[in-house]
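# Examination of the molecular architecture
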Amino acid sequence: MTMIATPVDETEARAVQDALRARVVLDEPGPRPGTGHVTGVDVAYDDERDVVVAAAVVLDGATLDVVAETTAVGRVAFPYVPGLLAFREIPTVLAALESLTVDPGLVICDGYGLAHPRRFGLASHLGVLTGLPVIGVAKNPFTFTYEQPGPRRGDWSPLLDGEEEVGRALRTQDGVKPVFVSVGHRTGLDNACAHTLLLARDFRQPETTRRADSLCRRALREATS
């Protein structure tokens, strides 16, 4: 199991981000959409008990059938600080991924990669620690700006920090709000958007996220009942 030390404070956490950010790989296209495995990861919290549960759900990239799934239960070891959320989630997410009995393939986080004030969100953090290709697909644009993409599935517009493109607002279903896609590690942005569209076959969110969210919430109820 990958062992990581929890930072003692915000200053140390930011120093860890700075050190790991230099290891992000941005010049690989990533796995071909519709092939191999795709894995959704998500977490659920019980803040009163300081419990966090992570789920990892592996789907077949072509059929979206479930191949494997697992959960892990941990303790919340770092306070909530905007921009440092990964430090609350990473240890338990790693435990869930490492208990899988199959290759996770591409990992999809319910969060951010480069679309992060320090260009190192959960998707980048997880990718660097595991070496896996990882992307972030978030429900909101965090602190960044964008123009509304066109109304049809597949329409997109750049997610911007000033003039820098940090991701894309991507319409996954006709007429619904976009999701916000960003590169985490070892995957290009065009590829990340293509994967997201294939995974969001029937709903706004990718099926990986939907299934991981459902599983971790169920596991949290069982862990705290």
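So, here is what we can say about the structure in this document. (Residues numbered from 1 in each chain as written. Predicted model: local features only at pLDDT ≥ 70, side-chain atom pairs only at ≥ 80, totals over all residues. Heavy atoms only, no water.)

## So, the overall build of the protein
Along the backbone of the protein there are five helices and eight strands. Taking 2.2 N^0.38 as the reference for a compact globule, 225 residues should give roughly 17 Å; the C-alpha atoms of the protein span a radius of gyration of 16 Å, in line with that estimate. Counting only C-alpha atoms and orienting by the principal axes, one finds that the protein spans roughly 45 × 40 × 30 Å. When the 225 residues of the protein are sorted by exposure, 51% land in the buried category. Put simply, of all contacts in the protein between residues at least 6 apart along the chain, 66% involve residues at least 24 apart. Roughly 10200 Å² of accessible area belongs to the protein as shown, and the carbon and sulfur atoms make up 50% of that amount. (Helix = DSSP H or I, 4+ residues; strand = E, 2+ residues; numbered from the N terminus. Rg over C-alpha atoms; globule rule 2.2 N^0.38 Å. Buried < 20%, exposed > 50% of the residue type's maximum accessible area, 1.4 Å probe, protein only. Contact = heavy atoms within 4.5 Å. Areas by Shrake-Rupley, 256 points an atom, 1.4 Å probe, with all protein chains shown as cover.)

## Observations concerning the environment of Leu198
Mapped onto the secondary structure, Leu198 falls in helix α4 (residues 189-199). A sequence separation of 26 residues divides Leu198 from Thr172, and the C-alpha atoms of the two residues are 9.0 Å apart. Residue contacts for Leu198: discarding those within four places in its chain leaves Pro33, Gly34, Leu64 and Arg153.

## Notes on the nonpolar core
Residues Val38, Val53, Ile108, Ile135, Val137, Leu170 and Val181 are the most contacted members of the largest nonpolar core, which totals 26 residues. Of all the secondary-structure elements, those providing two or more residues to this core are β1 (37-46), β2 (51-60), β4 (106-109), β5 (134-138), β8 (179-185), α4 and α5 (207-224). Filtering out sequence-adjacent residues up to four positions away, Leu170 remains in contact with Gly154, Asp155, Trp156, Pro178, Val179, Val181, Cys193, Thr196 and Leu197. Ala72, Ala96, Leu122 and Val134 belong to the second largest nonpolar core, which has 23 residues in total. (Core = buried A, V, L, I, M, F, W, Y, C linked by side-chain atoms within 4.5 Å.)

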